[in-house]
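Descriptive structure summary
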Number of protein chains: 4
Amino acid sequence: MNELLPKLSTVPEGIHSPSDYLPYAKERLPPEIWRYLEEGSANNVSLQANPHAFDSIHLIPRPLSDVRSGHTKITLFGQTLAHPVILAPLAYQQLYHPHGESASAMAASAQEGQSCVSSLASQTLEDIISAAGQPLWFQLYWQENRERTLKLLQRTIAAGYNAIIFTVDAPVKQATIQLPTTIQPINLDLPAPFPALLPQQSQVFNGWMAQAPRWEDLAWLRDQTSLPLLVKGILHSEDAEKVINLGCDGLVVSNHGGRVLDGTPASLACLPPIVSAISGRGKVLFDSGIRNGRDIYKALALGADAVMVGRPYIWGLATAGALGVAHIIRLLRDELELTMALTGTASIQEITQEKIQISRNQNRN
Amino acid sequence: MNELLPKLSTVPEGIHSPSDYLPYAKERLPPEIWRYLEEGSANNVSLQANPHAFDSIHLIPRPLSDVRSGHTKITLFGQTLAHPVILAPLAYQQLYHPHGESASAMAASAQEGQSCVSSLASQTLEDIISAAGQPLWFQLYWQENRERTLKLLQRTIAAGYNAIIFTVDAPVKQATIQLPTTIQPINLDLPAPFPALLPQQSQVFNGWMAQAPRWEDLAWLRDQTSLPLLVKGILHSEDAEKVINLGCDGLVVSNHGGRVLDGTPASLACLPPIVSAISGRGKVLFDSGIRNGRDIYKALALGADAVMVGRPYIWGLATAGALGVAHIIRLLRDELELTMALTGTASIQEITQEKIQISRNQNRN
Amino acid sequence: MNELLPKLSTVPEGIHSPSDYLPYAKERLPPEIWRYLEEGSANNVSLQANPHAFDSIHLIPRPLSDVRSGHTKITLFGQTLAHPVILAPLAYQQLYHPHGESASAMAASAQEGQSCVSSLASQTLEDIISAAGQPLWFQLYWQENRERTLKLLQRTIAAGYNAIIFTVDAPVKQATIQLPTTIQPINLDLPAPFPALLPQQSQVFNGWMAQAPRWEDLAWLRDQTSLPLLVKGILHSEDAEKVINLGCDGLVVSNHGGRVLDGTPASLACLPPIVSAISGRGKVLFDSGIRNGRDIYKALALGADAVMVGRPYIWGLATAGALGVAHIIRLLRDELELTMALTGTASIQEITQEKIQISRNQNRN
Amino acid sequence: MNELLPKLSTVPEGIHSPSDYLPYAKERLPPEIWRYLEEGSANNVSLQANPHAFDSIHLIPRPLSDVRSGHTKITLFGQTLAHPVILAPLAYQQLYHPHGESASAMAASAQEGQSCVSSLASQTLEDIISAAGQPLWFQLYWQENRERTLKLLQRTIAAGYNAIIFTVDAPVKQATIQLPTTIQPINLDLPAPFPALLPQQSQVFNGWMAQAPRWEDLAWLRDQTSLPLLVKGILHSEDAEKVINLGCDGLVVSNHGGRVLDGTPASLACLPPIVSAISGRGKVLFDSGIRNGRDIYKALALGADAVMVGRPYIWGLATAGALGVAHIIRLLRDELELTMALTGTASIQEITQEKIQISRNQNRN
Ligand SMILES: Cc1cc2nc3c(=O)[nH]c(=O)nc-3n(C[C@H](O)[C@H](O)[C@H](O)COP(=O)(O)O)c2cc1C
Ligand SMILES: Cc1cc2nc3c(=O)[nH]c(=O)nc-3n(C[C@H](O)[C@H](O)[C@H](O)COP(=O)(O)O)c2cc1C
Ligand SMILES: Cc1cc2nc3c(=O)[nH]c(=O)nc-3n(C[C@H](O)[C@H](O)[C@H](O)COP(=O)(O)O)c2cc1C
Ligand SMILES: Cc1cc2nc3c(=O)[nH]c(=O)nc-3n(C[C@H](O)[C@H](O)[C@H](O)COP(=O)(O)O)c2cc1C
């Protein structure tokens, strides 16, 4: 309807928090792309539950504490990061800005953090890593079978990616957007023609799920690489244990931003049981619903080692490319630092469950 | 006001879930018929409680499971159905489409499921079953006394119906719509003239309730047929036990879609105690509030053997006749299959209470 | 603004429940009178809590029960009433209809029920009782001191009132409406000129509360009459016990329709502890928030012996005088009968706590 | 946009409660000043939680009690106050009325109460106290270091202030308004130029927090004055104990009106554990969210010795200067008296936890 506003080459004025970017992004994207970015699945029950879950966690100010030595550094798989904010893998980033995944990765590097590139990236893995100027993480989707999956994995490793995030919660591809022809999953081979189903067979069970990875495939995958391997999309503590027992280095507690199975609990609600099931035997990352630095603090207090952020950084990308993404990361870190300062917390390790109060009645606005 | 849109002869584009049919149906029905279809009783407390109850049940994704042999088949009273979705008995279906009950029954057959024809059908029992091309279920309302009731039952059996659903929760007929003269309960004899009340007598107790069935009538009814006999409209576990003890084959947990007594609990809230009271001695069906395949999964997880769906299939009927109804059933089955796949559930029998999480605080949108 | 509609001389069409009268009444009353009738105190927290409290009580249908002998009769202080619905005392009823309190009392008689006339009636006690054609109840407000109070009581008794409801919860008169000169508390003497306060004295403590009744005054009052004496406005079970121990015949659990102290619990929430404290040693009436027959059933199930209804009957009065009030009472009784029939309850005595389910999470619309 | 209305020189008509002043104030202030006054931090979660917390506390009427000797007097640090309502320290009051802090202090004196002047007052400490005509309380902010802080403290003491409220919960100054040049923190020295940060240093930890007070500074401060010293902004009971153990005379339970760290619990929720931790070893004041006399009653019932009120008195100031503030205080006292009278409470000491009921489900409007 209205013409789209042009991308900015500086960050907008008067921004205090990532969500202040939301209107800037919205007026720079075609409505169907905006909808695709923001939507959840079905009735959006899980989408809405994700941020609400944070409202039932309260922060307690601890004034007069000495936090002069405070910092947000963490170490993950041998790498030191200036802060625990990792860019989540999001598909097709050229939908939002011509610089696409490269811009996001560059911003993460500039902010001394880390970013994870999707299997469905719209730029080549090699171009993205070279823009970033540092090793990145790669998000792996199962490619129908082991052979095709291995091929993708090997290319990734060759390109210099230094951790693999294996996403398992979205075995069924439900395309809700018509990609422009210029934007494609450029790193993937064309999908094999879908095997014809017998009359009584089910598209779901005999079609999609026949091409989905299974536990034995994860075991196989673990053997194909010595890189850190994390499984993304775990909500049940039994699955978390299995992941660790198969020799993986960790997992991402995530309901995929409320985009797959509607009616899952809020991702945050699944974090504590998984943390206690793992009890330190692997890294626990968290995503889905994080919108500001206080949310990050709460996820860390519930036991996450680091967090992934999804949609918010895309708001920055859509507004001002790499500059916008870098600004979003910095805003999140600033808010995290302020929350730490006001709660008397001088390091990420000190962000423990004792720092928060969990209220029974969720506080809804 | 506005002219009604014509019925469609193909299914509409871009439908992902039964509720996407809602606007199509609404603009094809006169407002008073739409209101009659959708309304609940009094303040709609129960009507609204029904769908909300599903929000407090959470689904837990179980990725990496092997569900390649997955299917939705069930066996009910000796008949194998491709899925557990049964069309609930709804009165006067020619209000929604000229093809009325026949269209619905035909669609259920086409989808290899089952449908239940109301005592208040607007087409003859014989025509409907012949359109369906398979035996159907019949929903029986008490016809003032045993003689009249027996007459209706015998005609039903003669026509080839193979299960009787005896609805007991609506003894008082509260007509909230003026039927067009062309649409009538064509299978029923004219009601006997209402016996005159004495001055101090009550319309409710001495009028309506004097013509309502009682437990002894159910015992009598049980003796009149060897067909499977289920009682519809049970919410109390003591009543459920009584039904089974009288030799019935099962019951339908239902608050009649929130249309009778306002202030009943959500139908779903009554399911678990009844399931445990019956403990397998009969079949437990469930209805009221089911709107998608995830809801079906939740009802089955709480112990239902199958579900009945009411208003949603009428949306399909009002939009595109038998085609629309068949599409609704298929959509429900597809959503159920997807939910099973994502939760690692390969058969209806595997849908148990361990698959779900019941949250204390109902999650309201 | 708009002209007020004239009173009706027949009941309106299409009424199913008392609340259907609401729009009819509203368009027949000047806005400031409508506001005065409907308002609560301060932030309306208690006003809104009253009806919401009923939503957390659920009714369980019990089909197939034998209720052919059902009826709603009760006996109170020797009088048999056709139903347990008593008209609550409401001040200045000529504000709503020229026939005022007489119309209400006449309607209660016609419906074989009972009504309670306020100390602040706008018609003489004698005229009202003669219109009613039967003894009525009188609601007594303390008249500054014993002498003045006794004078009013004696006139009441002489006029033939047969029960005294002593309202104690509104010691401070907060006039929120400017009465027209033609409408006055015609049965009361002019208030004594308010004693002048010393500079450091408080209007509340040294003014109003010095003229409010105290426990010793209740003991005194008990000695002045052998009529049934009930205390209205009790919410604490200790006070309920005191009332009974002083020899009173019962009490009314009421927060005055949310019109006095904002922030009290819903009146319904206070009923069960009071019922168990009294344990049958006196009658427990209930009011505040009753809007339909299901609400009456719930209050009785929680232990009330009868209920008082306030604003709803005024909607009838404002619309169609005595005819409207009688219709409201009949609607409430019909709804009560229907609720009893559907829950398998054949008498008021059978309406017990076993008939309901109390849900922890209040069900809010 | 619209022109601002002029200040009033009499109190407006028809005011029943402080919140009735809200529209009067709003139309007398520029929108950005109104926003600055009313806003909370970030998503306003804590701002909104503050008043809602009061809704879950219920008041129980206790009619027939003898409260003729009732009064609201309290004694604090040797001074007798006519009521427990203290004006909270609010910065820059000339933003709201040319008479600024002097008007507020004068009003508090006229109402025989107390008021606390902010470090960020827009008038000189000396002028304010002389307008008040009685000793006042001073709210101290840490002035970067001990030397500067001591200088301010000594001037305060010299000016005749008789209690020090040391606010510790807002170490980071987040200016959300551009002060007009005529309105400045006139009692403070210009801030020292901010020390330059090293490249890897953090604005939060190495900048702001390096200039924030620490526990050892509180110990030092305690030694600098024998005046009553209270710490404002305590929400954790361990901190409350520390404050008392360091010899302070009390504290203010406060989340700064929801203006600092978003996501703290409602201030009221933190009061009971602090009261029991202190168990009488110091005075516990409360603020954040009080809007009427019933709220005051509830805070006192949960154990506060007195309350501070923030925004509401500014509504009076912005409307009608000292007259408006005095009216607000009187309204609060009247409402408190009425609440005491209706709950049978004759003195502040009698306002105990037995007088209230705490409901599990917060009652939200
Ligand atoms: C538009 C969009 C595309 C996504 N694409 C992928 C993807 O390709 N691979 C993947 O593992 N997750 C994908 N996700 C999920 C994110 O990695 C992440 O789990 C989610 O966005 C976190 O929730 P949040 O957006 O509330 O922060 C996508 C999410 C969005 C919103
Ligand atoms: C318009 C309408 C008519 C109905 N007629 C009947 C009927 O004739 N017999 C019966 O047993 N139930 C009847 N029902 C109840 C349904 O069988 C079923 O219990 C209810 O629709 C389930 O709730 P749902 O609509 O939320 O799925 C009717 C329901 C509706 C909405
Ligand atoms: C306009 C109005 C006037 C009232 N006047 C009196 C009165 O004079 N005496 C009294 O005891 N109660 C009075 N009440 C309270 C009622 O007797 C009764 O407790 C209340 O209306 C019950 O709540 P409901 O209106 O929600 O049914 C009055 C209530 C209203 C709404
Ligand atoms: C505009 C504004 C300015 C404030 N300035 C100060 C201040 O200078 N020092 C301080 O200790 N508290 C300050 N506060 C906090 C108040 O003292 C008090 O804690 C808070 O207003 C209480 O919440 P309430 O407004 O809901 O009553 C300020 C609050 C507001 C709204």
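Here is what the cut-offs are and how they apply
- Residues numbered from 1 in each chain as written.
- Chains lettered and ligands numbered in written order.
- Predicted model: local features only at pLDDT ≥ 70, side-chain atom pairs only at ≥ 80, totals over all residues.
- Heavy atoms only, no water.
- Least-squares fit on C-alpha atoms with pLDDT ≥ 70 in both.
- Contact = heavy atoms within 4.5 Å.
- Buried area = accessible area lost by both parts, 1.4 Å probe.
- Salt bridge = Lys/Arg side-chain N within 4 Å of Asp/Glu carboxyl O.
- Polar contact = N/O pair within 3.5 Å; in protein donor to acceptor, adjacent residues only side chain to side chain.
- Phe/Tyr/Trp six-rings, centres within 6.5 Å; stacked < 30°, edge-to-face > 60°.
- Helix = DSSP H or I, 4+ residues; strand = E, 2+ residues; numbered from the N terminus.
- Buried < 20%, exposed > 50% of the residue type's maximum accessible area, 1.4 Å probe, protein only.
- Near = heavy atom within 4 Å.
- Areas by Shrake-Rupley, 256 points an atom, 1.4 Å probe, with all protein chains shown as cover.
- Nonpolar A, V, L, I, M, F, W, Y, C, P; charged D, E, K, R; others polar.
- Pairing = 2+ DSSP bridges.
- Axes fitted to C-alpha atoms, helices over the stretch in contact; angles between N-to-C directions.
- Core = buried A, V, L, I, M, F, W, Y, C linked by side-chain atoms within 4.5 Å.
- Parallel < 35°, antiparallel > 145°, perpendicular 65-115°, else oblique.
- Left-handed = near helix turned anticlockwise from the far one by under 90°.
- UniProt positions renumbered as here; feature names shortened; annotations may be inferred.

Turning next to the relation of the copies chain D and chain C. Aligned on chain C, chain D shows an RMSD of 0.0 Å; the corresponding rotation is 90 degrees and the shift along the axis is 0.0 Å. Given the turn and translation reported, the copies of this chain are related as if by a four-fold rotation axis.

On to the interface of chain C and chain B, then. The extent of an interface is frequently quoted as the accessible surface area lost upon association of the parts. Every contact between the two is made by 33 residues of chain C and, on the other side, 38 residues of chain B. Taking both sides of the interface into account, the surface hidden between chain C and chain B amounts to around 3,000 Å²; carbon and sulfur atoms contribute 58%. Summed over the shared surface of chain C and chain B, the result is two salt bridges. The shortest N-O distance in the salt bridge between Arg-62 of chain C and Asp-239 of chain B comes to 2.9 Å. In this structure, the connection of chain C to chain B is made through nine residue pairs in polar contact (both at pLDDT 80 or more).

Note on aromatic pairs: each is described by the distance of the centres and the angle between the planes. Summed over all chains, the structure comprises 20 aromatic pairs over all chains. Look at Phe-138 of chain A and Tyr-161 of chain A: their rings are 5.8 Å apart centre to centre, the planes differ by 70 degrees, and that puts the pair in the edge-to-face class. With Phe-138 of chain A in strand E6 (residues 137–140) and Tyr-161 of chain A in the loop between helix H6 (146–159) and strand E7 (163–167), this residue pair connects regions lying 23 residues apart in the sequence. A single burial state applies to Phe-138 of chain A and to Tyr-161 of chain A, both of which are buried. On the numbers, 5.8 Å between centres and 85 degrees between planes, the contact of Trp-142 of chain B with Trp-220 of chain B is edge-to-face.

Take the side chain of His-236 of chain A next. Structurally, His-236 of chain A is set in the loop between strand E8 (229–234) and helix H9 (237–245). Among the polar contacts listed, one links the side chain of His-236 of chain A to the side chain of Arg-62 of chain B, at a separation of 3.3 Å. For His-236 of chain A, the residues in contact, after removing those within four places along its chain, are Ile-274 of chain A together with Ile-60 and Arg-62 of chain B.

Counting residues at the interface gives 34 residues for chain D and 38 residues for chain C. Buried area between chain D and chain C, both sides added, is near 3,000 Å², and the carbon and sulfur share of it is 58%. The interface formed by chain D and chain C contains two salt bridges. Note that Arg-62 of chain D is salt-bridged to Glu-238 of chain C, the shortest N-O span being 3.4 Å.

Residues and elements named next belong to chain B. Close to ligand 2 lie 23 residues, the nearest being Pro-89, Ser-118, Thr-167, Asp-287 and Gly-289. One of the side-chain N or O atoms of Gln-139 is found 3.1 Å from a nitrogen atom in ligand 2. Note that an oxygen atom of ligand 2 is positioned 2.9 Å from one of the side-chain N or O atoms of Lys-232. When ligand 2 is considered free in solution it has 600 Å² of accessible area, and contact with the protein chains removes 98% of it. Classifying every residue of the shell around ligand 2 by side-chain character gives nine nonpolar, nine polar and five charged.

This brings us to the site of ligand 3. All names here are of chain C. As a structural note, the neighbourhood of ligand 3 is formed by 23 residues, with Pro-89, Ser-118, Thr-167, Asp-287 and Gly-289 the closest of them. A distance of 2.7 Å separates an oxygen atom of ligand 3 from a polar atom in the side chain of Thr-167. In this structure, an oxygen atom belonging to ligand 3 sits 3.0 Å away from a side-chain N or O atom of Arg-311. Burial of ligand 3 by the protein chains amounts to 98% of its free accessible area of 600 Å².

The next point concerns the sheet that holds strand E4 (residues 85–87) of chain A. All names here are of chain A. Read around the closed barrel, the eight strands follow the order E4-E5-E6-E7-E8-E9-E10-E11; overall the barrel is parallel. The average undirected angle you get between the axes of adjacent strands in this sheet is 30 degrees. Sheet analysis places E7 next to E8, joined by four bridges and oriented parallel. Residue pairing in the sheet places Ile-164 in a bridge with Leu-229 of E8.

Before going further, it helps to spend a moment on the pattern of salt bridges. Under the definition given, this model contains 60 salt bridges over all chains. Between Glu-27 of chain A and Arg-28 of chain A there is a salt bridge whose closest N-O contact spans 3.9 Å. Look at Arg-28 of chain A and you get buried, because its relative accessible area is 8%. A salt bridge links Arg-146 of chain B to Asp-217 of chain B; the shortest N-O distance between them is 2.9 Å. Note that Arg-146 of chain B is positioned in helix H6 (residues 146–159) and Asp-217 of chain B in helix H8 (residues 215–224), a separation of 71 residues in sequence. Owing to a relative accessible area of 32%, Arg-146 of chain B belongs among the partly exposed residues under this scheme. Residues joined in a network through salt bridges with shared partners are Arg-330, Arg-333, Asp-334 and Glu-337 of chain A.

Rotating chain C by 90 degrees and translating it 0.0 Å along the rotation axis places it on chain B, where the RMSD comes to 0.0 Å. Of all interface residues in chain C, a mere 9% are interface residues in chain B too; the two copies therefore contact each other through different surfaces.

Hydrogen bonds between backbone groups are what pair the strands of a sheet, and the pairing can be parallel or antiparallel. Residue and element names in this part refer to chain D. The strand order around the closed barrel formed by eight strands is E4-E5-E6-E7-E8-E9-E10-E11, and the pairing between neighbours is parallel. Across the sheet, the mean angle separating the axes of adjacent strands is 30 degrees when strand polarity is ignored. Note: strand E10 (residues 283–286) against strand E11 (residues 306–309), two bridges, orientation parallel. From the neighbouring strand, Phe-286 faces E11, where its bridge partner is Val-307. Contacts from helix H8 (residues 215–224) reach strand E6 (137–140), strand E7 (163–167) and strand E8 (229–234), with the element oriented near 155 degrees to E8.

Our next topic: the nonpolar core. Judged by nonpolar contacts, the single largest core of 499 residues is most densely connected at Tyr-96 of chain A, Tyr-96 of chain B, Tyr-96 of chain C together with Tyr-96 of chain D. Leave out the neighbours within four places in its chain, and Tyr-96 of chain D touches Lys-7, Leu-29, Ile-33, Tyr-36, Leu-37, Ala-91, Ile-314, Leu-317 and Ala-318 of chain D.

Attention shifts here to the packing of helix H5 (residues 125–132) of chain A against H6 of chain A. Residue and element names in this part refer to chain A. Across the interface, H5 lies against H6 with an axial gap of 10 Å and an inter-helix angle of 25 degrees. Here H6 runs roughly parallel to H5, going by the angle between their axes. The crossing of H5 and H6 is right-handed. Of H6, the residues touching H5 (which contributes Leu-125, Glu-126 and Ile-129) are Arg-155, Thr-156 and Ala-159. For the contact of H5 with H6, the class distribution of residues is three nonpolar, one polar and two charged.

Once that is clear, we can look at the UniProt feature "binding site: glyoxylate" (unreviewed entry) in chain A. Residues and elements named next belong to chain A. What UniProt calls "binding site: glyoxylate" (unreviewed entry) maps, in this numbering, to Tyr-36, Tyr-141, Thr-167, His-256 and Arg-259. Tracing the backbone shows Tyr-141 in the loop between E6 and H6. In contact with Tyr-141, other than residues within four places in its own chain, are Ser-119, Leu-120, Leu-152, Thr-167, Ala-170 and His-256. Looking at the element boundaries, Thr-167 is found in strand E7.

With that settled, the discussion passes to the packing of helix H4 (residues 100–110) of chain C against helix H12 (residues 311–342) of chain C. Residue and element names in this part refer to chain C. With their axes 7 Å apart at the nearest point, H4 and H12 run at an angle of 15 degrees to one another. Comparing their axes, H12 and H4 come out roughly parallel. The hand of the H4/H12 crossing is left-handed. Residue-level contacts link Gly-100, Ala-103, Ser-104, Ala-107 and Ala-108 of H4 to Tyr-313, Leu-317, Gly-321, Ala-322, Val-325, Ala-326 and Ile-329 of H12. The residue inventory of the contact of H4 with H12, partitioned by class, reads nine nonpolar, three polar and no charged.

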